[in-house]
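# Secondary and tertiary structure notes
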Amino acid sequence: MAAVALLSAWTGTARAEDLKIYPVAGLFGPEISGCALDGPAPPVRIAPALCSQFGSGQQAAWGQQFRSMMVARFGASIRDRLDGPLPDGLTREAMVSQTVVASLHLSRADLWTVPKQSVIEVHMPITLSLMLTNVLTGEVLLVQNLSTNVQGLMPQAGYEAQAVAEFPERFNQAISTLVEAAAANFRPSAIEGVVRGRTGRRYVLDVGRRGGLREGDPIGADASVVFADADYAIIEPALGSLTVGQALSRQIAQPVEHLERPSMLVVTADAPQGVAASYLTTLMEDALGGPQGFAVVPVNPSLPQIREPALTAAGVAGRLRRTPDYFLRLSVAALDPIEANTNVAGVRRRVQEARAFVEVINPEGRVVFASQGVDQRIDEIVGDMAPSSEQRRDAALKNAIIRAAAELSEAFKPSRLRLEIDPAGDEVRISDPGGVLTPGADAVVVRRVGRVSGIEGEVWAPVTDVEVTAIDGTEAVARYAGLEAPRIQRGDQVAYEAAGPSSRSRRIFAQCLTDGLPALSVRGAVAQPLLQPIAENSFAREFSGAVKIASFHQELRRMGLESQFDGIGALGAYSAPNPEICFEPVHQVDASAEQAQGRHAVDAYDLTIGYVLKKENQRVSGGGLQQRLSATAAPANASAEYRDRSLQIDLATAVTELARQAARDLDPPL
């Protein structure tokens with residue numbers, strides 16, 4: 001069980017104890033499960049035998065049970081209605097801004113079985129999430145996740161009926177545990193700052209990124225942050241004006257030091273068959289939100305269903321949230337397990353491997369970091385004392401995600417840069433000797449304000465936004481992207497957050513497509529189902545040019561985020577890449593020989609892994625590597641299926657290493 005605490009959108013000068021919770025009497029998730037939808041991979045996993053527990057009437061009953069538990073546990077913090085009498089001194093909008101909606105979400109309710117000698121061992125994994133969401137802005141304040149796996153022995157005849165009969169008690173207990181955990185982690189506090197000066201129609205606040213403020217954050221009654229540096233922020237009220245010396249606050253629900261970290265929104269692109277994508281998203285969000293992690297930006301998938309009735313009841317209009325700093329694309333795969341007898345009589349050995357592929361993508365759509373987490377679960381099985389294969393797969397998936405997130409937390413370190421600029425007619429030329437800018441990158445022009453009492457160091461304020469359109473040597477050419485195109489003055493600079501290695505090429509690269517699908521050149525006799533995620537992730541990780549994921553815009557659009565995030569549709573990540581040069585992975589695996597080693601047989605294979613760069617379907621350059629692979633020794637009497645599954649585990653490791661080196665060795669066209 002884990003909680004992900006996030007930035008709240010509560011504003012004004014309300015005290016933490018004034019904040020209220022409006023629990024929605026509903027259970028969200030079954031409507032997008034296989035019980036309600038046709039298709040190979042519904043976002044929510046419910047075992048077919050349990051679908052009867054989530055009919056419309058029972059689903060409503062679960063929702064009402066959740067609301068009753070919330071009211072009982074949170075007591076005085078509950079707001080029963082959004083259209084009721086207003087507290088003294090509050091407008092309807094202010095009241096709504098000081099209220100979070102609590103909603104209950106299901107990711108999975110499954111049944112796993114392990115046959116025993118005369119009974120069935122039944123596992124009942126349940127994953128629930130409780131979200132506290134600011135209905136006015138859609139920002140998620142707190143996510144409390146709970147995964148539980150109740151198990152027991154049941155008769156072989158009729159075990160499903162018994163499991164279904166026991167499910168209501170198990171589910172109610174899970175909801176109760178979840179509510180208790182959320183209550184323990186619900187600890188709102190406030191960011192407080194003082195207006196120290198004025199610059200044009202905007203104001204200087206003495207709290208910045210180190211104090212937990214970022215661009216787009218609302219603060220005070222109706223002000224928002226338009227620019228944040230380390231120790232100050234430039235803010236702008238929507239209506240009226242502020243005064244120097246005025247105190248403003250913003251409510252939060254996590255330590256301030258967490259808020260200065262980069263924010264990330266998880267996009268689960270691929271999941272193993274039978275595993276809910278929403279469940280994998282909760283695992284990654286929990287892994288990212290640790291002490292050394294990032295500011296996670298969860299999405300309430302049922303926000304439209306929750307928000308519209310609530311806003312209508314309150315009679316106010318909603319706002320949109322700011323877009324995240326980065327997107328985290330997650331693809332997870334579980335290889336088929338292998339199982340064989342050992343040298344010890346009555347003991348078998350089973351191996352289950354899982355891999356998690358991660359690409360961090362900036363708003364322009366460029367991959368700025370890529371990693372791969374790997375985990376193996378190895379079990380020595382005596383008699384029928386075997387754990388559930390689904391249970392071991394689940395453990396491997398979780399550990400692979402944790403390892404990928406750990407590498408990300410350790411190695412991904414964005415930095416804020418200042419670059420010199422010069423005007424050039426209707427354009428701006430930006431000095432970029434490090435090659436951090438690429439076409440499509442957005443940046444902000446800032447101007448020195450000078451010293452402001454109460455703030456250490458010089459203050460800079462935003463002047464306008466620019467978008468990079470071309471690269472000319474060590475300079476980037478940008479156009480004005482803001483509403484205004486002011487005259488650039490001597491000393492003005494561009495502020496930009498750089499992440500990932502600099503590019504040795506000023507071009508954009510993405511995987512080639514064939515009939516709209518990623519192109520692969522597979523030439524050998526041995527297929528590899530994991531080739532696509534391995535090849536794509538390895539290229540994005542090691543190639544020294546700017547790489548985009550060809551399918552990411554489609555994966556992002558499927559989440560339906562336009563109604564939640566301000567301006568997300570204008571981001572480069574939301575549009576299909578239009579690379580000047582594309583890459584095509586090359587894969588060839590052929591059997592070479594078989595050798596005997598005692599009672600085991602060792603197969604050998606010739607591997608060729610590489611990439612071809614193409615422009616307008618014509619080869620520009622390419623390169624690859626060859627290797628002789630000695631497969632893990634298999635029992636002499638092993639079946640063809642066992643050998644193939646064992647080979648896939650070996651190939652996943654060998655091809656990852658070769659693909660990374662091949663991408664590293666490939667020189668990008670300038």
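Residues numbered from 1 in each chain as written. Predicted model: local features only at pLDDT ≥ 70, side-chain atom pairs only at ≥ 80, totals over all residues. Heavy atoms only, no water.

A positive phi angle, near 55°, is found at Asp-515, a position not held by glycine. Position of Asp-515 among the secondary structure elements: in the loop between β27 (513-514) and β28 (517-518). Relative accessible area serves as the criterion here: at 79%, Asp-515 is assigned to the exposed category. Of note, Glu-616 is a non-glycine position whose phi angle comes to about 55°, a positive value. Its place among the elements puts Glu-616 in the loop between β32 (600-615) and β33 (618-630). For Glu-616, a relative accessible area of 73% translates into the label exposed. (Helix = DSSP H or I, 4+ residues; strand = E, 2+ residues; numbered from the N terminus. Buried < 20%, exposed > 50% of the residue type's maximum accessible area, 1.4 Å probe, protein only.)

A separate point is the packing of helix α8 (residues 531-542) against helix α10 (residues 640-665). Where α8 contacts α10, the axes come no closer than 8 Å and their chain directions differ by 35°. The way α8 lies across α10 gives a crossing that is right-handed. Taken together, the residues of α10 that come into contact with α8 (itself represented by Leu-531, Ile-534, Ser-538, Phe-539, Arg-541 and Glu-542) are Ala-652, Val-655, Thr-656, Ala-659, Arg-660, Ala-663 and Arg-664. Considering only residue class, the contact of α8 with α10 consists of 7 nonpolar, 2 polar and 4 charged. (Axes fitted to C-alpha atoms, helices over the stretch in contact; angles between N-to-C directions. Left-handed = near helix turned anticlockwise from the far one by under 90°. Contact = heavy atoms within 4.5 Å. Nonpolar A, V, L, I, M, F, W, Y, C, P; charged D, E, K, R; others polar.)

For strand β25 (residues 493-498), a buried count of 5 out of 6 residues is recorded, marking the element as mostly surrounded by other parts of the structure. Bridge count for strand β20 (residues 415-424) against β25 is 6 bridges, and the pairing is antiparallel. Bridging across to β25, Arg-418 finds its partner in Ala-495. Note: strand β22 (residues 442-451) against β25, 3 bridges, orientation antiparallel. Looking across to β25, one finds that Val-446 is bridged to Gln-493. (Pairing = 2+ DSSP bridges.)

Within the structure shown, the criterion is met by 15 aromatic pairs. Grouping aromatic residues by their ring pairs yields a cluster made of Phe-509, Phe-539, Phe-543, Phe-583 and Tyr-611. Lying over the aromatic face of Tyr-279, Arg-108 brings its terminal NZ or CZ to 3.9 Å of the ring centre. (Phe/Tyr/Trp six-rings, centres within 6.5 Å; stacked < 30°, edge-to-face > 60°. Lys NZ or Arg CZ within 6 Å of the ring centre and 35° of its normal.)

Taken together, 6 strands build an open sheet; the order of strands is β10-β11-β12-β9-β8-β13 and the sheet is antiparallel. With partners counted over all chains shown, the strands left at the sheet margins are β10 (218-219) and β13 (247-252), one partner each. One ladder, built from 3 bridges, connects strand β9 (residues 202-205) with strand β12 (residues 233-237); its direction is antiparallel. Along β12, the bridge assignment pairs Leu-205 with Ala-233.

The final tally for this structure, using the stated rule, is 2 disulfides. Through a disulfide, Cys-35 is tied to Cys-51; the S-S separation comes to 1.9 Å. Because the torsion about its S-S bond is -80°, the bridge between Cys-35 and Cys-51 counts as left-handed. Separated by 16 residues along the polypeptide, Cys-35 in the loop between β2 (20-28) and β3 (45-46) and Cys-51 in the loop between β3 and α1 (56-74) bring together distant segments of the chain. Residue classification places Cys-51 among the partly exposed residues on the basis of a relative accessible area of 23%. (Disulfide = S-S within 2.5 Å.)

So, on to the environment of Asp-222. Assignment of secondary structure puts Asp-222 in the loop between β10 and β11 (223-228). Sequence separation between Asp-222 and Asp-270 is 48 residues, and the spatial gap between their C-alpha atoms is 40 Å. A polar atom in the side chain of Asp-222 sits 2.9 Å from the backbone nitrogen of Leu-239. (Polar contact = N/O pair within 3.5 Å; in protein donor to acceptor, adjacent residues only side chain to side chain.)

A few words on the sheet that holds strand β21 (residues 427-431). What links the strands of a sheet is backbone hydrogen bonding, and the strands pair in either a parallel or an antiparallel sense. Taken in spatial order, the 6 strands line up as β20-β21-β24-β23-β22-β25 and close into a barrel, and their pairing is antiparallel. Averaged over neighbouring strand pairs, the angle between their axes works out to 45° when direction is ignored.

Time to look at the pairing of β22. Consecutive side chains of a regular strand alternate in pointing toward one face of the sheet and then the other. As judged from the 9 bridges shared by β22 and strand β23 (residues 458-472), these two strands associate in the antiparallel manner. The partner of Asp-442 across the bridge, within β23, is Glu-467. Count of turn residues in the β22/β23 antiparallel hairpin: 6 residues, of which Gly-454 carries a positive phi of about 95°.

Attention now goes to the pattern of salt bridges. Two side chains bearing opposite charge may form a pair once their charged atoms approach each other closely. A full pass over the atoms with the stated rule returns 44 salt bridges. Where Glu-339 meets Arg-348, a salt bridge forms, and the shortest distance between an N and an O atom there is 2.6 Å. Arg-541 is the salt-bridge partner of Glu-407, the closest N and O atoms lying 2.9 Å from each other. With Glu-407 in helix α7 (residues 389-411) and Arg-541 in helix α8, this residue pair connects regions lying 134 residues apart in the sequence. Judged by its relative accessible area of 26%, Arg-541 is partly exposed. By sharing partners, the salt bridges in this structure join Glu-139, Asp-217, Arg-250 and Arg-322 into a single network. (Salt bridge = Lys/Arg side-chain N within 4 Å of Asp/Glu carboxyl O.)

As a further point, take empty space enclosed by the protein. All chains considered together, the criterion is met by 5 cavities of 30 Å³ or more. Taken as a whole, the second largest cavity spans an internal volume of roughly 90 Å³. Broken down by element, the lining of the second largest cavity gets its largest block of residues, 4 residues, from α7. For the lining of the second largest cavity, the residue count by class is 5 nonpolar, 1 polar and 6 charged. (1 Å grid on protein atoms, 1.4 Å probe; cavity = no way out; pocket = protein on both sides within 12 Å on 5 of 7 lines; lining within 4 Å. Points joined across faces, edges and corners; volume = space filled by probe spheres on them.)

Looking now at the environment of Glu-641. Within the secondary structure layout, Glu-641 lies in helix α10. In this structure Glu-641 comes out as exposed when scored by relative accessible area, which is 52%. Along the sequence, Glu-641 and Ala-370 sit 271 residues apart, while their C-alpha atoms lie 32 Å from each other.

This part takes up the nonpolar core. Counting 57 residues, the largest nonpolar core has Phe-327, Phe-539, Leu-607 and Tyr-611 as its most contacted members. Ranked by residues supplied to this core, first place goes to α10 with 11 residues. Ignoring sequence-local partners within four residues, the contact set of Phe-539 consists of Val-547, Phe-583, Tyr-611, Leu-613, Ala-663 and Leu-666. Ranked by size, the runner-up nonpolar core spans 41 residues in total, among them Ala-47, Trp-62, Ala-109 and Ala-183. (Core = buried A, V, L, I, M, F, W, Y, C linked by side-chain atoms within 4.5 Å.)

The contact between α1 and helix α3 (residues 159-185) brings their axes to 10 Å, and the two run at 35°. Between α1 and α3 lies a crossing of right-handed hand. Between α1 and α3, the contacting residues are Trp-62, Gln-65, Phe-66, Met-69, Met-70, Arg-73 and Phe-74 on the first element and Phe-167, Pro-168, Phe-171, Asn-172, Ile-175, Ser-176, Val-179, Glu-180, Ala-182 and Ala-183 on the second.

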